[in-house]
Amino acid sequence: MRRVVVTGLGLICAVGNSTEETWRNLLAGKSGIGRITQFDASQFPCQIAAEVKDFDPLEFIEKKELKKMGRFIHLAMAASEEALKGSRFIITPANAERVGVHIGSGIGGFDVIEREHSNLINGGPRKISPFFIPAAIINLAAGHVSMRYGAKGPNEATATACTTSAHSIGDSFRIIQHGDADVMIAGGTEAAITPMGVGGFAAMRALSTRNDDPERASRPWDADRDGFVIGEGAGILILEEFEHAEKRGAPIVAEIVGYGMSGDAFHITQPAPEGEGGYRVMRNALADAKLPPSEVGYVNAHGTSTPLGDILEATAIRNLFGDKILVSSSKSMTGHLLGGAGGLEAGITVLALRDQVLPPTINLYKQAPETAGMDFIPNQQRKVSVEYAMSNSFGFGGTNGALLFHRWRG
């Protein structure tokens, strides 16, 4: 089976508009969560979010093209540009058919849908933009990246709720393993901080309502957690067949060695009892890599800060790895990027292996008693020696994905 390595990263979220800025702020324990500025949220039960700040899409996209894209596409375009530049890979007519794009989104162009619905209600059907559909549908993030760079290989988009990016990256890993491409631009993107996006999750009572203390609102595994904080951003990885990368002298960051999938078959929003689906997805990733649990030193958890989800994921991790495993949730700082979460967090996991330092779980003041004995790297980064690290993603409908990475020593 062909080996697959990571040669580029593009990360954009509430704590940074580039990979290295994001990484510095995560290691410093900086929260990106604040009061919502993208619309008037004063009447909403949740008035906080993890917004991408000072982002100018005109730095990445021509002005005439902007109206053809929702914000989730803008973010994907920017992250893909950074990832490709970092990989030092140039798509040419000679290699284009061996380069694919697999970028998903959980929700897609919510902002576009809301805007055009308002145009319909206020002005009638003639006021609907001809760009409405392509600006909103999920596969157009991958489509625009493909067209921008001329990638003529597999062109796909996954939509599996909050597991979207993990599936996009994992499926791309398999595409390269099986010889259908040599390079894949893979990950996810999301921009659902809109009235309907926030209002919908708030109606489910899924969001934190710690409106007066936004920086401390996302607190995975803390006894006083009260829900997740919605975030936005994009996480894109350049995956490349090892010999292809080696031949061109690519800057290899890590190797992806395992991918697991599972379904809970239990409930539309709640994880299966005892985190059984999460346990199986991590076990499946280990089996794919032919690796025992004892070899894994760190898990970048899904860790959303929800009362039930945190406990069941912790249970699954403990049942598979025991209490010694180091675990943290970067969502304590970035919020939950929904379909973009797995891409961002896979990138964070790769950076942790690269630098041998683990980002903290901030806002962990009083650990939930059900997780006693587990180490969630509270409030400060941790310097470590770790060879293998896993990134978890779980989504509504019981869809789960896990990615396993190996440190690259060069």
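Quick look at the structure, then.

Thresholds, definitions, all that
Residues numbered from 1 in each chain as written. Predicted model: local features only at pLDDT ≥ 70, side-chain atom pairs only at ≥ 80, totals over all residues. Heavy atoms only, no water. Helix = DSSP H or I, 4+ residues; strand = E, 2+ residues; numbered from the N terminus. Expected span 1.5 Å × (residues − 1). Buried < 20%, exposed > 50% of the residue type's maximum accessible area, 1.4 Å probe, protein only. Contact = heavy atoms within 4.5 Å. Polar contact = N/O pair within 3.5 Å; in protein donor to acceptor, adjacent residues only side chain to side chain. Phe/Tyr/Trp six-rings, centres within 6.5 Å; stacked < 30°, edge-to-face > 60°. Lys NZ or Arg CZ within 6 Å of the ring centre and 35° of its normal.

**Thoughts on helix α3 (residues 71-87)**
Piece 1. Helix length check: α3, at 17 residues, gives a terminal C-alpha distance of 25 Å against a target of 24 Å (1.5 Å per residue), a fit within 8%.
Piece 2. The buried fraction of α3 is high, at 14 of 17 residues.
Piece 3. Looking one or two residues beyond α3, the residue adopting positive phi is Arg-88, at roughly 55 degrees.

**A word on the environment of Glu-232**
Piece 1. Here Glu-232 shows up in the loop between α8 (195-203) and β7 (233-241).
Piece 2. Glu-232 sits 125 residues away from Ile-107 along the chain, and the two C-alpha atoms are 11 Å apart.
Piece 3. With residues near it in sequence (within four places) discarded, Glu-232 still touches Ile-12, Cys-13, Ala-14, Gln-38, Ala-50, Glu-51, Val-52, Arg-71, Glu-190, Ala-191, Ile-193 and Leu-337.
Piece 4. A polar side-chain atom of Glu-232 sits 2.8 Å from a polar atom in the side chain of Gln-38.
Piece 5. A distance of 2.8 Å separates the side chain of Glu-232 from the backbone nitrogen of Val-52, its partner in a polar contact.

**A closer look at the packing of aromatic side chains**
Piece 1. One pass over the full model with this rule turns up six aromatic pairs.
Piece 2. Measuring from centroid to centroid gives 5.8 Å for Phe-55 and Phe-60, while their planes differ by 15 degrees, and the two rings are stacked.
Piece 3. Taking the relative accessible area as the measure of exposure, Phe-60 reaches 19% and is therefore buried.
Piece 4. Ring centres 6.3 Å apart and planes at 55 degrees place the aromatic pair Phe-201 and Phe-396 in the tilted group. Of this pair, Phe-201 sits in helix α8 while Phe-396 is found in the loop between β13 (388-395) and β14 (399-407), placing the two residues 195 residues apart along the sequence.
Piece 5. Ring pairs connect the aromatic residues Phe-201, Phe-228 and Phe-396, which therefore count as one cluster.
Piece 6. Over the ring of Phe-242 we find Arg-3; its NZ or CZ atom is 4.5 Å from the centre of that ring.

**Digging into unusual backbone geometry**
Piece 1. Residues other than glycine seldom take positive phi values, yet Arg-205 does so here, at roughly 60 degrees.
Piece 2. With respect to the element layout, Arg-205 can be found in the loop between α8 and β7.
Piece 3. With relative accessibility at 77%, the residue Arg-205 sits in the exposed group.

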